[in-house]
Amino acid sequence: MDLQENWKYRKHKSSVPFSLLVFLRYQIYYGYPLETYLEFPVVIAQDVILLSCIMHFSGKVRRACFYALVYWVGWYMITLQKWIIDLAMNLCTFISAASKLVQLQHLWETKDGGQASAVTWGMSVYASAARIITTLMTTKDFAVLIRFIVMLILNIWVTATILHYRKIKKTD
């Protein structure tokens, strides 16, 4: 996948970097153990490097600087009040769920799971289940727990839909 194709893919997942930043800031704000969110700084760094390269090679450095400023200001603004970080966390859960529902809708409309990877979605199911257990064992944070339960249900649904349409296609 070249940079342009990756950029097109990333545009459809535009809520992901925002959700990662909010989730990371939420974990730091509440002083949760580093082990519960250690992968998020790595994933965010990967996104920053990828987006920086894309912006640089497509000649949009000024726009990249603007986005960096917006994220930097947002990083501090969301922790000005407790209710802001809590609201941001709940909105991220809603946005992530909406994104998965859009993907489900696309699968239902096309009746084709050929482009989606059941293995990747299966790994998402496993990751969500593992995070539920980790959250229960470490922080017992209700908002985080709800987020991972919702993501688990939707990941199972997407995986089942992909497998269902692949089974129908093979029998045709």
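Look above for the structure.
First, a word on what this report is: a plain description of the structure on this page. Quantities reported herein were computed from a predicted structural model and do not represent experimental measurements.

Notes on the overall build of the chain
No. 1: When helices and strands are tallied, the chain shows 7 helices and 0 strands.
No. 2: Starting at the N terminus and ending at the C terminus, the chain contains elements arranged as α-α-α-α-α-α-α.
No. 3: For the chain, with 172 residues in total, the buried portion stands at 34%.
No. 4: Partitioning the intrachain contacts of the chain with sequence separation of at least 6 by distance along the chain shows that 76% fall at a separation of at least 24.
No. 5: For the chain, the accessible area works out to roughly 11300 Å², and carbon and sulfur atoms hold 68% of it.

As for the side chain of Asp141
No. 1: Tracing the backbone shows Asp141 in the loop between helix H6 (118-137) and helix H7 (142-171).
No. 2: The buried charged residue Asp141 lacks any salt bridge, with Lys82 as its nearest oppositely charged partner at 8.1 Å.
No. 3: There is a polar contact of 2.8 Å between the side chain of Asp141 and the side chain of Tyr26.
No. 4: Discounting residues that sit within four places of it in the chain, Asp141 has contacts with Tyr26, Tyr32 and Thr135.

Section: the side chain of Thr161
No. 1: Tracing the sequence through the fold places Thr161 in helix H7.
No. 2: Setting aside chain neighbours within four positions, we find Thr161 in contact with Leu104, Leu107 and Trp108.

Re unusual backbone geometry
No. 1: The backbone of Lys111 sits at a positive phi, close to 50°, despite the residue not being glycine.
No. 2: Inspection of the secondary structure puts Lys111 in the loop between helix H5 (82-110) and H6.
No. 3: Judged by relative accessible area, which is 55%, Lys111 ranks as exposed.
No. 4: At Lys140, a position not held by glycine, the phi torsion is positive, near 55°.
No. 5: Along the chain, Lys140 falls in the loop between H6 and H7.

Some details on H5
No. 1: Relative to the 42 Å expected for 29 residues at 1.5 Å per residue, H5 spans 43 Å between its end C-alpha atoms, a close match to the ideal helical length.
No. 2: All of the buried residues along H5 are Ile85, Asp86, Ala88, Met89, Cys92, Thr93, Ser96, Ala97, Lys100, Leu104 and Leu107.
No. 3: Positioned one or two residues after H5, Lys111 has a phi angle of 50°, which is positive.

Cut-offs used in this document
Residues numbered from 1 in each chain as written. Predicted model: local features only at pLDDT ≥ 70, side-chain atom pairs only at ≥ 80, totals over all residues. Heavy atoms only, no water. Helix = DSSP H or I, 4+ residues; strand = E, 2+ residues; numbered from the N terminus. Buried < 20%, exposed > 50% of the residue type's maximum accessible area, 1.4 Å probe, protein only. Contact = heavy atoms within 4.5 Å. Areas by Shrake-Rupley, 256 points an atom, 1.4 Å probe, with all protein chains shown as cover. Lys, Arg positive; Asp, Glu negative; His and termini not counted. Salt bridge = Lys/Arg side-chain N within 4 Å of Asp/Glu carboxyl O. Polar contact = N/O pair within 3.5 Å; in protein donor to acceptor, adjacent residues only side chain to side chain. Expected span 1.5 Å × (residues − 1).

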